[in-house]
Amino acid sequence: MTVPARKSPATPARILTAAADHIERVGLYQGDHLWQPGRMGDTAPCTVLHAWERGVRSARPRWSVRGEPWDIFQRALFDSLVALSDHANGRPVSGVRWRKLRLTEDAYRRTLLWCWGGASPNGPLPKPPR
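Residues numbered from 1 in each chain as written. Predicted model: local features only at pLDDT ≥ 70, side-chain atom pairs only at ≥ 80, totals over all residues. Heavy atoms only, no water.

Attention now moves to helix H1 (residues 12-26). An ideal rise of 1.5 Å per residue puts 21 Å on 15 residues; H1 measures up with 21 Å between its terminal C-alpha atoms. Looking at H1, one finds that the buried residues are Ile 15, Ala 19, His 22 and Val 26. Along the axis of H1, the buried residues cluster in a sector spanning 60°; they form a single face. Its buried side turned inward, H1 meets helix H2 (48-59) and helix H3 (68-89). At the exit of H1 stands Gly 27, carrying a positive phi of roughly 95°. (Helix = DSSP H or I, 4+ residues; strand = E, 2+ residues; numbered from the N terminus. Expected span 1.5 Å × (residues − 1). Buried < 20%, exposed > 50% of the residue type's maximum accessible area, 1.4 Å probe, protein only. Arc of directions from axis to C-beta. Contact = heavy atoms within 4.5 Å.)

Quick look at the structure:
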């Protein structure tokens, strides 16, 4: 019987690197027509929010693991969301915004990433050259 390899601890850098790797592999889609079920899948261009979620899944501890790895993962999850949403916003996101809208910080930051994906009227960005 083979014992599964241990995952390294989750870090914001690991989450964001996995997200960037996904975008490099499939491309980044921005524009008015984000919902295209016929083009969805592992190789369809994706949004920043989707790529971040892929990065989160890659860093998530196994379900059988208990305790500290999940605490570390939760911190890395939040820190990576803050770093990415602040970067997409061009400056740190103000807490006044989500309080005025009566949203949680997490919900506001995810919404910011989702909306940022629909910001370009030029359609999909090309895949980077290999």
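This next bit is on the environment of Ile 23. Along the polypeptide, Ile 23 turns up in helix H1. Note on Ile 23: relative accessible area 23%, which makes it partly exposed. Measuring from C-alpha to C-alpha, the distance between Ile 23 and Cys 46 comes to 7.0 Å, with 23 residues separating the pair along the chain. With residues near it in sequence (within four places) discarded, Ile 23 still touches Leu 28, Cys 46 and Ala 51.

Below, the discussion takes up the packing of H1 against H3. If you want to describe how two helices pack, look at the angle between their axes and the distance between the axes. Where H1 contacts H3, the axes come no closer than 8 Å and their chain directions differ by 55°. Taken as axis vectors, H1 and H3 run oblique relative to one another. Of the two elements, H1 crosses H3, and the hand of that crossing is right-handed. Contact residues: H1 offers Pro 12, Ile 15 and Leu 16, while H3 offers Ala 76, Leu 77, Asp 79, Ser 80, Ala 83 and Leu 84. Its residues assigned to classes, the contact of H1 with H3 shows seven nonpolar, one polar and one charged. (Axes fitted to C-alpha atoms, helices over the stretch in contact; angles between N-to-C directions. Parallel < 35°, antiparallel > 145°, perpendicular 65-115°, else oblique. Left-handed = near helix turned anticlockwise from the far one by under 90°. Nonpolar A, V, L, I, M, F, W, Y, C, P; charged D, E, K, R; others polar.)

What follows deals with the side chain of Arg 109. Looking at the element boundaries, Arg 109 is found in helix H5 (residues 105-117). A distance of 2.9 Å separates polar atoms of two side chains, one belonging to Arg 109 and the other to Asp 86. Excluding residues that lie within four positions of it along the chain, Arg 109 makes contacts with Leu 81, Val 82, Ser 85, Asp 86, Val 93 and Trp 98. (Polar contact = N/O pair within 3.5 Å; in protein donor to acceptor, adjacent residues only side chain to side chain.)

For any two aromatic rings, the description comes down to two numbers: the centre-to-centre distance and the angle of the planes. Inspection of every chain in the model, using the stated rule, returns two aromatic pairs. Seen from their ring centres, Trp 70 and Phe 73 are 5.6 Å apart, and the 85° between their planes marks the pair as edge-to-face. With Trp 70 and Phe 73 both in helix H3 and three residues apart, this pair spans about one turn of that helix. On the numbers, 6.2 Å between centres and 45° between planes, the contact of Trp 98 with Tyr 108 is tilted. Linking Trp 98 in helix H4 (residues 95-100) with Tyr 108 in helix H5, this pair joins segments that are ten residues apart in sequence. Of the two residues, Trp 98 and Tyr 108, both sit in the buried class. (Phe/Tyr/Trp six-rings, centres within 6.5 Å; stacked < 30°, edge-to-face > 60°.)

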